[in-house]
Amino acid sequence: MASKYDGLARIIIQNVGGKDNVKSLAHCVTRLRFKLKDESLANDEILENTDGVIKVMHAGGQYQVVIGPHVTDVYDTVLAIGKFQAGGLVDEDGNALEEGEGEGDGAPKKPVDVLIDLISSILQPVIPVLAASGMTKGLLSLLAFLGVVTSTDGAYQTIYAFADGFFYFLPVFLGITSAKKFGMNQFVGGAMGAALCYPNMVAMKSADAIGSVFGGTFMEMSYSNTFFGLPIVFPSSGYTSSVVPIILAVLCAAKFWNAVDKKIPAALRFFATPMLTLIIFVPLTYLVIGPVAGVLTNLLALFFQSIYEIPVVGGLLCGAVLGGLWQVLVIFGLHWAVIPLILNNISALGYDAVFGGRQVCTHAQVGAVLAVLVKTKDKSIRDIAIPAAITGMFGTTEPAIYGVTLPKKTPFVMSCIASAIGGGFMGLMGAKQFMMGYSGLLGLPVYIDPAGTEGITNMIYYAIGIVIACVISFALTYVTYKEDEPKKVQA
């Protein structure tokens, strides 16, 4: 069946170098993410001048075509016309290849590109549901605060089961996406995640300790049982809701899987490879990989927490830096490196206050777009600015960035300055985010304390931060904006 995006899809395919130049195609909230054999064959200028394309980006080893909120429809059409492999590179047997396999003689990727691609490939599939779960928990907390429901109501408990359950069993889902990325059976990865969330093992963490390792340091981990005499230690936050331990565990297990799978007789391979992998690597995860991951995440958390806890200026500094730079990180895909740290803080502490300043940046973009909308006389810019402002209010800023503020340069800079001010306020006030959620208006409830101790105080701080960032961004952009650039030519 023909799609209204057929013409756009064909233009995109032709100008990324044709079908033969595409290795794989995925998409996020607003972008088509191509992996191309040779990016020099793509025509950025034609694509950026095509009606329906907002911007073209080279980031994280990907060729990214920014489409907007309807990216899913365009993605489906491009897949149908191009008959591309969706979501990742696979071999002739349908197994996912690791980064660098099957890539011919292309230049090796930079370590930072590999890291960002790794994190984004694993986290990106779960982020929409994670955000939905977080915002649902926030809305339930708001309803409980207002007295509409209580936490013991059947309706509350039923909805909370999925909202909290997804976050609690996050290692299961990350085990699946990690296994896909590393080229191992996805359900073996899921089984490894399930082992980290198994009730008896979770209960073992809170049982009476019989000893500890690294006693007296920030790396201290206690244990209440042993595996043939070896201590089964747990990080302070445990493994439920964790991110790094399962990714490292599946990475190690996948190396083993790919090394032995082809060597096992075909008659036994069906069950022997999964069984050997799980028997070896689930204990290894509890004994070695998990504790190492716990130490690494504790070190990172300690670093940022130390900056945050600098007397008087710590929170202000974290909020201002993250607020001011977050959209720059988004442009280059570097924000994926921060998301595991946010999830780690929420898992370990029940909240994150270190990275909260980033949340106001979407509203600073909205303020800048509204200022341009008020001042511009260019109809083509107005046609982009109106939907960009609306989607920005609900947390999706790519149309605002690539369609309005970044091409005009000054509005983007003004929005970053305003974000730094709004983020600095949130850091100064110690605003806490209790769940993962979107950064638009619908993200307000994730700042409500589900335990009820702090009520809606943190949400009020976030609301004030939004107003500060949006108003200052509007004012700065309104004063500095000049209509002195040529109109965009539509292809």
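Everything numeric here is computed off the predicted structure, so don't read it as measured data.

Visitor: Tell me about the sheet that holds strand β3 (residues 55-59), residues and numbers included.
Guide: With antiparallel pairing, 4 strands are arranged side by side in an open sheet as β1-β2-β4-β3. Only two strands of the sheet have a single partner each, and these edge strands are β1 (22-27) and β3. Looking at each pair of strands side by side, their axes are set apart by 25 degrees on average, direction ignored. Pairing of β3 with strand β4 (residues 62-66), which is carried by 5 bridges, proceeds in the antiparallel orientation.

Visitor: Please set out the nonpolar core residue by residue, giving values where relevant.
Guide: Core analysis: the largest hydrophobic core is formed by 50 residues, its most contacted members being L130, L170, L174, M184, M192, Y286 and L343. If we skip the residues at most four places from it in the chain, L130 touches F166, F167, L170, L343 and M436. Core analysis: the second largest hydrophobic core is formed by 25 residues, A9, V22, V65 and I81 among them.

Visitor: Quick one: what's the story with the packing of aromatic side chains, residue by residue and with numbers?
Guide: Counted under the stated rule, the structure contains 11 aromatic pairs. On the numbers, 4.9 Å between centres and 75 degrees between planes, the contact of Y168 with F169 is edge-to-face. The partly exposed category is assigned to F169, whose relative accessible area is 37%. Three or more aromatic residues joined by ring pairs form one cluster here, namely F234, Y239 and Y286. Positioned above the aromatic ring of W326 is the side chain of R358, whose terminal nitrogen or guanidinium carbon lies 5.6 Å from the ring centre. K432 extends its terminal NZ or CZ atom over the ring of Y351, reaching a point 4.4 Å from the ring centre.

Visitor: Provide a residue-level description of the sheet that holds strand β5 (residues 211-213), including the pertinent values.
Guide: Spatial strand order, β5-β6-β7: 3 strands in an open sheet with antiparallel pairing. Two strands in the sheet have a free side with no partner beyond their single neighbour: β5 and β7 (230-233). Neighbour-to-neighbour, the strand axes of this sheet turn through a mean angle of 60 degrees, independent of strand direction. The sheet contacts of helix α11 (residues 266-308) involve β6 (221-227) and β7, and relative to β7 the element is tilted by about 55 degrees.

Visitor: Tell me about empty space enclosed by the protein, residues and numbers included.
Guide: Over the atoms a probe the size of a water molecule is rolled, and this reveals where empty space is left. One pass over the structure, following the stated rule, counts 2 cavities of 30 Å³ or more. In this structure, the largest cavity encloses a volume near 110 Å³. Forming the walls of the largest cavity are 13 residues, and the residues nearest its centre are S237, S242, P245, T297 and N344. Mapped by element, the contributors of at least two residues to the lining of the largest cavity are α10 (244-260), α11 and α13 (339-349).

Visitor: Lay out the side chain of T240 in plain terms, naming residues and giving numbers.
Guide: With respect to the helices, strands and loops of the structure, T240 is situated in the loop between β7 and α10. Exposure remark for T240: the relative accessible area of 14% places this residue in the buried category. Once residues within four sequence positions are removed from consideration, T240 is found in contact with Y168, P171, L196, C197, V202 and S347.

Visitor: Give me the lowdown on the state of the cysteines, citing residues and values where you can.
Guide: The final tally for this structure, using the stated rule, is 0 disulfides. The thiol sulfur of C361 is not disulfide-bonded, and the nearest other cysteine sulfur, from C416, lies at 8.4 Å. For C361, a relative accessible area of 2% translates into the label buried. C470 carries a free sulfur, and the closest cysteine sulfur to it, the one in C361, is 12 Å from it.

Visitor: I'd like a rundown of the pattern of salt bridges, residues and numbers included.
Guide: Taken as a whole and assessed by the stated rule, the structure comprises 4 salt bridges. In this structure, D383 and K379 form a salt bridge, with 2.9 Å as the shortest nitrogen-oxygen distance. Of this pair, D383 and K379 both sit in helix α15 (residues 379-393), separated by 4 residues, roughly a single helical turn. Of the charged contacts, one joins E454 and K432 as a salt bridge, the two residues approaching to 2.8 Å between their closest N and O atoms. Linking E454 in the loop between α17 (410-429) and α18 (457-480) with K432 in the loop between α17 and α18, this pair joins segments that are 22 residues apart in sequence.

Visitor: Go over the packing of helix α1 (residues 6-15) against helix α3 (residues 71-82), please, and point to the residues and values.
Guide: In contact at an axis separation of 9 Å, α1 and α3 are set at 65 degrees when each is read in the N-to-C sense. By crossing handedness, the relation of α1 to α3 is classed as right-handed. Counting all contacts with α1, which are made through D6, L8, A9, R10, I12 and I13, the residues of α3 involved are V74, T77, V78, I81 and G82. Residues of the contact of α1 with α3, tallied by class, amount to 7 nonpolar, 2 polar and 2 charged.

Visitor: So what's going on with the packing of α11 against helix α12 (residues 314-331)? Which residues, and what values?
Guide: The description of two packed helices rests on the angle between their axes and on the distance between the axes. Where α11 meets α12, the closest approach of the two axes is 6 Å, and the angle between their N-to-C directions is 115 degrees. One element, α11, and the other, α12, form an angle in the roughly perpendicular class. Counted together, F304, I307 and Y308 of α11 and G314, G315, L317 and C318 of α12 form the full contact between these two elements. For the contact of α11 with α12, the residue count by class is 5 nonpolar, 2 polar and no charged.

Visitor: Lay out the side chain of S241 in plain terms, naming residues and giving numbers.
Guide: Along the chain, S241 falls in the loop between β7 and α10. Filtering out sequence-adjacent residues up to four positions away, S241 remains in contact with F167, Y168, L170, P171 and S347.

Visitor: Describe the environment of A348, with residues and values.
Guide: Mapping A348 onto the fold places it in helix α13. Overall, A348 belongs to the partly exposed group, its relative accessible area being 39%.

Visitor: Give a description of a nonpolar patch on the surface that names residues and reports values.
Guide: On the surface, a cluster of nonpolar side chains totalling about 1100 Å² of accessible area is made up of L268, F270, F271, M275, L276, I279, I280, L284, V288, V292, L296 and L299. Inspection of the secondary structure puts V288 in helix α11. What makes V288 partly exposed here is its relative accessible area of 43%.

Visitor: Give a detailed account of unusual backbone geometry, specifying residues and quantitative values.
Guide: The backbone of F228 sits at a positive phi, close to 50 degrees, despite the residue not being glycine. Considering the arrangement of structural elements, one finds F228 in the loop between β6 and β7. On the basis of relative accessible area, F228 is assigned to the exposed category, the value being 80%.

Visitor: Quick rundown of the environment of Y160? Include the residues and the values.
Guide: Along the chain, Y160 turns up in helix α6 (residues 154-168). Expressed as a C-alpha distance, the spacing of Y160 and M429, which sit 269 residues apart in the sequence, is 29 Å. Every residue in contact with Y160, bar those within four places of it in the chain, is listed here: K137, L140 and G165.

About the criteria used
- Residues numbered from 1 in each chain as written.
- Predicted model: local features only at pLDDT ≥ 70, side-chain atom pairs only at ≥ 80, totals over all residues.
- Heavy atoms only, no water.
- Pairing = 2+ DSSP bridges.
- Helix = DSSP H or I, 4+ residues; strand = E, 2+ residues; numbered from the N terminus.
- Axes fitted to C-alpha atoms, helices over the stretch in contact; angles between N-to-C directions.
- Core = buried A, V, L, I, M, F, W, Y, C linked by side-chain atoms within 4.5 Å.
- Buried < 20%, exposed > 50% of the residue type's maximum accessible area, 1.4 Å probe, protein only.
- Contact = heavy atoms within 4.5 Å.
- Phe/Tyr/Trp six-rings, centres within 6.5 Å; stacked < 30°, edge-to-face > 60°.
- Lys NZ or Arg CZ within 6 Å of the ring centre and 35° of its normal.
- 1 Å grid on protein atoms, 1.4 Å probe; cavity = no way out; pocket = protein on both sides within 12 Å on 5 of 7 lines; lining within 4 Å.
- Points joined across faces, edges and corners; volume = space filled by probe spheres on them.
- Disulfide = S-S within 2.5 Å.
- Salt bridge = Lys/Arg side-chain N within 4 Å of Asp/Glu carboxyl O.
- Left-handed = near helix turned anticlockwise from the far one by under 90°.
- Nonpolar A, V, L, I, M, F, W, Y, C, P; charged D, E, K, R; others polar.
- Parallel < 35°, antiparallel > 145°, perpendicular 65-115°, else oblique.
- Patch = residues over 30% accessible without salt bridge, like charges linked within 9 Å, V, L, I, M, F, W, Y side chains within 5 Å.
- Areas by Shrake-Rupley, 256 points an atom, 1.4 Å probe, with all protein chains shown as cover.

On their own, these measurements won't tell you what the molecule is for.
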